[in-house]
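Working through the structure, step by step
The lines below spell out each chain.
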Protein chains: 2
Amino acid sequence: MNNGLVFVISGPSGSGKGTVVEILRKIYSKVGVAVSATSRLPREGELEGVNYYYKTREQFEELIRNGDVLEYTEYNGNYYGTLKSEAERITAEGRDIILEIEVDGGSQIKKLLGEQCVTIMLIAPDADEQERRLRGRGTESEEVILGRLARAREEMMEAVKYDYVVVNETGKSEECAETIVSIMKAEHQTSRRMSKYINDYFD
Amino acid sequence: MNNGLVFVISGPSGSGKGTVVEILRKIYSKVGVAVSATSRLPREGELEGVNYYYKTREQFEELIRNGDVLEYTEYNGNYYGTLKSEAERITAEGRDIILEIEVDGGSQIKKLLGEQCVTIMLIAPDADEQERRLRGRGTESEEVILGRLARAREEMMEAVKYDYVVVNETGKSEECAETIVSIMKAEHQTSRRMSKYINDYFD
């Protein structure tokens, strides 16, 4: 059995990443569930390694410093994140992992995981459509929107650092998710990743 | 519009390549038809560039020497082959080309076409099954079969030189063809090949 892979999916605001990843998780079955780590205390009934891996704040920060946390966020004063060791545990079982990551975090994770990681950037069809989607949400002020547009422009510059770039055409989220599934399937068939299979062929 | 790609598909005897490529051509619609070149004379009603590109034997041999022929074979004293210029014409229109090539020819074509070319090796699930398939054809002598098996073993050593390796499980030719379609779709989404799209994004 070949190892699983870690697929990092990023997309600027307006790329429609949320919908696409939701569909993707439904149609791609080879995915394992990575249990997150947190620095918050366990609640009653919660189990280590089932609900979370529980770390102290100091432990969590040391893990971050050592490159043992693939991605994390701070919420309500607590850290939440994905441990490198958890990703390795799941991929060793032959299951893949999908991580939704901010655009600037993709290449960082790739550095931590090496060739076991494949990065995919979702984009809107063009800048006008991206702006339309950003504005379409409605409630934000012009200032917030202009800030997001500026950020989105910077984020597009990151696209070339990703392994793949997939366009999320308006109204075609399913197609987009299927294209990502194609990429996931294809990456398992590279001759480098098939080398164990080839070596065992005559056994 | 992005350029099309040339997909080279090879497989040792017993890999089941013929059936898989037949299915592949039915289910993958983005393929253009490459008109072959030949050194035989046009028959009545045949048209240059429609039935064949007609070359003299000397012209054909010079094209081969210059690296302008991707693959060729000699049959009944005449050359038949695929011109590099024809592949470039079709891919410039955004259509892909599928070439079925002997195992030792794949890396050669890749050298001629560079990154526009993607090589895929089909293999049987294992050596025993490959032998079963070879023997299953029935009519060949033991000597012929042993020769084929020896050749198949050598051909397997070429697999690592291919970009992708796909296993053709017995009775699952459709799945195998679909995996190849996934590879074909994925290759169009690499950030390098999407760079024109990214550059035009803000226009």
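What you are looking at is a predicted structure, and each value in this text was computed from that prediction instead of being measured. (Residues numbered from 1 in each chain as written. Chains lettered and ligands numbered in written order. Predicted model: local features only at pLDDT ≥ 70, side-chain atom pairs only at ≥ 80, totals over all residues. Heavy atoms only, no water.)

Moving on: the overall build of chain A. Secondary structure summary: chain A contains eight helices and eight strands in total. The C-alpha radius of gyration computed for chain A amounts to 19 Å, which stays within 12% of the reference 17 Å derived for 203 residues, consistent with globular compactness. Projected onto its principal axes, the C-alpha coordinates of chain A cover approximately 60 × 45 × 30 Å. In chain A, once contacts between residues fewer than 6 apart in sequence are set aside, the share between residues at least 24 apart is 67%. A total of about 10300 Å² of accessible surface is found on chain A, and carbon and sulfur atoms cover 47% of it. Computing the positive centroid from 27 side-chain charges and the negative centroid from 36, chain A places the two 1 Å apart. (Helix = DSSP H or I, 4+ residues; strand = E, 2+ residues; numbered from the N terminus. Rg over C-alpha atoms; globule rule 2.2 N^0.38 Å. Contact = heavy atoms within 4.5 Å. Areas by Shrake-Rupley, 256 points an atom, 1.4 Å probe, with all protein chains shown as cover. Lys, Arg positive; Asp, Glu negative; His and termini not counted. Charge placed at Lys NZ, Arg CZ, Asp CG, Glu CD.)

Before going further, it helps to examine a negative patch on the surface. Residue and element names in this part refer to chain A. A cluster of acidic residues, Asp126, Asp128, Glu169, Glu174, Glu175 and Glu178, forms a negative patch at the surface. Ranked by the residues each element gives to the negative patch, the list is headed by helix 7 (residues 173-187), at three residues. Tracing the backbone through its elements, the reader meets Glu175 in helix 7. A relative accessible area of 47% means that Glu175 is categorised as partly exposed. (Patch = residues over 30% accessible without salt bridge, like charges linked within 9 Å, V, L, I, M, F, W, Y side chains within 5 Å. Salt bridge = Lys/Arg side-chain N within 4 Å of Asp/Glu carboxyl O. Buried < 20%, exposed > 50% of the residue type's maximum accessible area, 1.4 Å probe, protein only.)

Before going further, it helps to spend a moment on the relation of the copies chain A and chain B. The transformation that overlays chain A on chain B combines an axial shift of 0.0 Å with a rotation of 180°, and the residual RMSD is 0.0 Å. Those values place the two copies in the arrangement expected of a two-fold rotation axis. Considering only C-alpha atoms, the part of chain A nearest the rotation axis is Ser182 of chain A, at 2.1 Å. A share of 100% of the interface residues of chain A reappears at the interface of chain B, consistent with the copies meeting face to face through the same patch. (Least-squares fit on C-alpha atoms with pLDDT ≥ 70 in both.)

Attention shifts here to the confidence of the model for chain A. Confidence along chain A averages 92 in pLDDT terms, with 99% of residues attaining 70 or more. Scored as a complex, the prediction yields pTM 0.91 and ipTM 0.89. (pLDDT = per-residue confidence, 0-100.)

The next thing to look at is the pattern of salt bridges. All chains considered together, the criterion is met by 33 salt bridges over all chains. Between Arg57 of chain B and Glu61 of chain B there is a salt bridge, and its shortest N-O distance comes to 3.6 Å. With a gap of four residues between them, Arg57 of chain B and Glu61 of chain B both fall in helix 2 (residues 57-65), about one helical turn apart. Among the salt bridges present, the one from Glu158 of chain B reaches Lys161 of chain B, with a minimum N-O distance of 3.2 Å. Overlapping salt bridges, with partners in common, bring together Arg57, Glu61 and Glu74 of chain A in one network.

The subject of this paragraph is the state of the cysteines. Residue and element names in this part refer to chain A. On inspection of all chains with the given rule, the structure shows zero disulfides over all chains. Note on Cys117: no disulfide assigned, nearest cysteine sulfur contributed by Cys176 at a separation of 18 Å. Under the relative-accessibility criterion, Cys117 is labelled buried at 0%. (Disulfide = S-S within 2.5 Å.)

Let us now look at the packing of helix 5 (residues 127-136) of chain A against helix 6 (residues 142-157) of chain A. The axes of two packed helices give the description: the angle between them and the distance between them. Residue and element names in this part refer to chain A. For the pair helix 5 and helix 6, interaxial distance at closest approach is 10 Å and the crossing angle is 145°. The handedness of the crossing between helix 5 and helix 6 comes out as right-handed. Along the contact surface, helix 5 presents Gln130, Glu131, Leu134 and Arg135, while helix 6 presents Glu142, Ile145, Leu146, Arg148, Leu149 and Ala152. By residue class, the composition of the contact of helix 5 with helix 6 is five nonpolar, one polar and four charged. (Axes fitted to C-alpha atoms, helices over the stretch in contact; angles between N-to-C directions. Left-handed = near helix turned anticlockwise from the far one by under 90°. Nonpolar A, V, L, I, M, F, W, Y, C, P; charged D, E, K, R; others polar.)

Time to look at the nonpolar core. For soluble globular proteins, the rule of thumb is that nonpolar side chains tend to be buried together. In terms of nonpolar packing, the biggest core is built from 44 residues, with Leu24 and Ile180 of chain A together with Leu24 and Ile180 of chain B touching the most fellow members. In contact with Ile180 of chain B, not counting residues within four places along its chain, are Ile9, Val20, Leu24, Ile120, Leu122 and Val166 of chain B. (Core = buried A, V, L, I, M, F, W, Y, C linked by side-chain atoms within 4.5 Å.)

Below, the discussion takes up the interface of chain A and chain B. On the side of chain B, 31 residues touch chain A, which itself brings 31 residues to the contact. Together, Gln189, Tyr201 and Phe202 of chain A form the three largest contributors to the area buried by chain A at its contact with chain B, with a combined 25%. Counting across the interface, chain A meets chain B through zero salt bridges. Our enumeration of links across chain A and chain B arrives at 15 residue pairs in polar contact (both at pLDDT 80 or more). Residue assignment for the side of chain A that touches chain B shows that the elements contributing at least two residues are helix 5, helix 6, strand 8 (164-167), helix 7 and helix 8 (195-200) of chain A. (Buried area = accessible area lost by both parts, 1.4 Å probe. Polar contact = N/O pair within 3.5 Å; in protein donor to acceptor, adjacent residues only side chain to side chain.)

Turning next to the packing of aromatic side chains. Here the structure, examined in full by the defined rule, presents 14 aromatic pairs over all chains. Seen from their ring centres, Tyr52 of chain A and Tyr54 of chain A are 6.0 Å apart, and the 65° between their planes marks the pair as edge-to-face. Across this residue pair, the class does not change: Tyr52 of chain A and Tyr54 of chain A are buried. Put simply, the rings of Tyr52, Tyr54, Tyr75 and Tyr80 of chain A pair up and form one aromatic cluster. The aromatic ring of Phe202 of chain B is capped on one face by Arg153 of chain A, whose charged end is 4.2 Å from the ring centroid. (Phe/Tyr/Trp six-rings, centres within 6.5 Å; stacked < 30°, edge-to-face > 60°. Lys NZ or Arg CZ within 6 Å of the ring centre and 35° of its normal.)

Attention now goes to the environment of Gly105 of chain A. Residues and elements named next belong to chain A. Within the element layout of this structure, Gly105 appears in the loop between strand 6 (97-100) and helix 4 (106-113). Taking relative accessible area as the criterion, Gly105 reaches 17% and is therefore assigned buried. For the pair Gly105 and Phe202, spaced 97 residues apart in the sequence, the C-alpha separation amounts to 42 Å.

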